[in-house]
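This is what each chain is made of:
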Amino acid sequence: MGQAEWARDLARQLLEQPLPRRWAHTQGVAAQAESLAPILGEESDLLTASAWLHDIGYSPELVDTGFHPLDGARYLRDVHQADDKLCRLVAHHSCAIYEATERGLIDALNGEFDRERPELVEALTYCDMTTGPDGSPFDVADRLTEIHLRYGPDHLVSRSITNATPCITSSVRAVLAALSDVRAGGVV
């Protein structure tokens, strides 16, 4: 069984029953990750695995700090002794440093999990931020709007997303450019 298949099974176990909407989103994020195989090559399995696992920290079984990237990454590291790259991607997905700062957890996040290669982090951010809550493809601007509407203007997630927007949109642009280069026959 490959890393992505293991990750899919674990995510299903943690999300499908208690959080069906989050599970639907996760399935869409993983489908987006699979679509990036042309630009990721050997690292496609790692990205797909991280896409399956990026939101497991929302599982009621795992909530500790209330910051899902950190809770999920700690679980992967401590319970499953998962690959370091995988843990780092989950910990830092979708410009998580901004929410970590809002929550007073930036030192814990950065102290426990180094950042992964920018291309992989951008790819996971692209997958997450171009997938809606029900798993359907979304434009990044619509996704950011949806997050703001879901949490409300004063919520720390909304504040974090506002601060992270340049990072998120830059990630999406970088992945779209890489995909365009591949489609045009260029070298990535």
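A. Up close: the nonpolar core. If you look at the biggest cluster of nonpolar residues, it comprises 55 residues, and the most contacted ones within it are Leu 36, Leu 47, Leu 53, Ile 56, Leu 76 and Ile 168. If you tally residues by element for this core, the top one is helix H11 (residues 156–183), at eight residues.

B. Here's a closer look at the side chain of Asp 128. The topology assignment puts Asp 128 in helix H9 (residues 118–129). Those residues within four positions of Asp 128 in sequence are excluded, and the remaining contacts are His 25, Val 29, His 54, His 93, Ser 94 and Arg 143.

C. Up close: the packing of helix H4 (residues 44–53) against H9. Interaxial distance between H4 and H9 falls to 10 Å at its minimum, and their mutual angle equals 45°. Here H4 is positioned oblique relative to H9, judged by the angle of their axes. The way H4 lies across H9 gives a crossing that is right-handed. Contacts from Leu 46, Leu 47, Ser 50 and Ala 51 in H4 reach Leu 120, Ala 123, Leu 124 and Cys 127 in H9. Considering only residue class, the contact of H4 with H9 consists of seven nonpolar, one polar and no charged.

D. Representation of the state of the cysteines in the model. Counted by the stated rule, this structure contains one disulfide. Here Cys 95 connects covalently by a disulfide to Cys 167, the sulfurs 2.1 Å from one another. With the S-S dihedral at roughly -85°, the linkage between Cys 95 and Cys 167 falls on the left-handed side. Of the two residues, Cys 95 is situated in the loop between helix H6 (84–92) and helix H7 (97–103) and Cys 167 in helix H11; the sequence distance between them amounts to 72 residues. Look at Cys 95 and you get buried, because its relative accessible area is 7%. Residue class for Cys 167 comes out partly exposed when judged on its relative accessible area of 29%. Cysteine Cys 87 remains unbridged, with the sulfur of Cys 127 as its closest cysteine sulfur at 18 Å. A relative accessible area of 1% means that Cys 87 is categorised as buried. Cys 127 carries a free sulfur, and the closest cysteine sulfur to it, the one in Cys 95, is 13 Å from it.

E. Structural detail: the side chain of Ser 94. With respect to the helices, strands and loops of the structure, Ser 94 is situated in the loop between H6 and H7. Of the polar contacts made by the side chain of Ser 94, one reaches the side chain of Asp 128; its length is 2.6 Å. In this structure, Ser 94 is in contact with Thr 125, Asp 128, Met 129 and Ile 168, ignoring residues within four places of it in sequence.

F. Expanded view of the pattern of salt bridges. Overall, the coordinates contain 17 salt bridges when judged by the stated rule. With its nearest N and O atoms 2.6 Å apart, the salt bridge here joins Glu 43 to Arg 117. Taken together, the residues span a long stretch of sequence, with Glu 43 in the loop between helix H3 (37–40) and H4 and Arg 117 in the loop between helix H8 (106–112) and H9 at a distance of 74 residues. For Glu 43, a relative accessible area of 19% gives the class buried. Looking at Arg 117, the relative accessible area reads 33%, which means it is partly exposed. A salt bridge links Glu 102 to Arg 159; the nearest nitrogen and oxygen atoms lie 2.9 Å apart. Of this pair, Glu 102 sits in helix H7 while Arg 159 is found in helix H11, placing the two residues 57 residues apart along the sequence. Each of Asp 64, Arg 74, Arg 77, Asp 78 and Glu 112 takes part in one network of salt bridges that share partners.

About the cut-offs
- Residues numbered from 1 in each chain as written.
- Predicted model: local features only at pLDDT ≥ 70, side-chain atom pairs only at ≥ 80, totals over all residues.
- Heavy atoms only, no water.
- Core = buried A, V, L, I, M, F, W, Y, C linked by side-chain atoms within 4.5 Å.
- Buried < 20%, exposed > 50% of the residue type's maximum accessible area, 1.4 Å probe, protein only.
- Helix = DSSP H or I, 4+ residues; strand = E, 2+ residues; numbered from the N terminus.
- Contact = heavy atoms within 4.5 Å.
- Axes fitted to C-alpha atoms, helices over the stretch in contact; angles between N-to-C directions.
- Parallel < 35°, antiparallel > 145°, perpendicular 65-115°, else oblique.
- Left-handed = near helix turned anticlockwise from the far one by under 90°.
- Nonpolar A, V, L, I, M, F, W, Y, C, P; charged D, E, K, R; others polar.
- Disulfide = S-S within 2.5 Å.
- Polar contact = N/O pair within 3.5 Å; in protein donor to acceptor, adjacent residues only side chain to side chain.
- Salt bridge = Lys/Arg side-chain N within 4 Å of Asp/Glu carboxyl O.

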